[in-house]
Amino acid sequence: MNDSTFVPFSAQVEDLFYADEHTLVSFLRKHIPCSCLEKKYKEVKSTAKTSHCYNEQCSLPDGKVERSKANLCSRCRSAYYCSRECQKADWPR
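Residues numbered from 1 in each chain as written. Predicted model: local features only at pLDDT ≥ 70, side-chain atom pairs only at ≥ 80, totals over all residues. Heavy atoms only, no water.

Looking at the pattern of salt bridges
Counted under the stated rule, the structure contains four salt bridges. Salt-bridge contacts for lysine 40 lead to glutamate 21; the nearest nitrogen and oxygen are separated by 3.0 Å. Of this pair, lysine 40 sits in helix 3 (residues 35-44) while glutamate 21 sits in helix 2 (residues 21-31), placing them 19 residues apart in sequence. On the accessibility criterion, glutamate 21 (44% relative accessible area) is partly exposed. Two residues, glutamate 43 and lysine 40, come together in a salt bridge whose shortest N-O distance is 3.5 Å. (Salt bridge = Lys/Arg side-chain N within 4 Å of Asp/Glu carboxyl O. Helix = DSSP H or I, 4+ residues; strand = E, 2+ residues; numbered from the N terminus. Buried < 20%, exposed > 50% of the residue type's maximum accessible area, 1.4 Å probe, protein only.)

Some points on helix 3
Considered for burial, the residues of helix 3 that qualify are Leu37, Tyr41 and Val44. Taken around the axis of helix 3, the buried residues stretch over an arc of 70°, which confines them to a single face. Residues of helix 3 that are exposed and point more than 90 degrees away from the buried face comprise Ser35, Lys39 and Lys42. Contacts made by the buried residues of helix 3 are with helix 2. (Arc of directions from axis to C-beta. Contact = heavy atoms within 4.5 Å.)

In structure tokens:
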């Protein structure tokens, strides 16, 4: 396994806990064979994926940020931040 792409299990669980509908439906669709999930996936596949800013003091509503605009911590590779400033404010944790 390539260490640069490894995400600890606890981070994966946290991602699902804070997951947007698109991510959650995609995950369930891969793990549970059910036609109802296929239908739901077609409904949500065009919605933007979001992440949760790891900084508890983040000023964004619910700490939600569009995943394509989120910054992944290059050190732990499991925490996402809405901005470099938010990441700096949360460091070191």
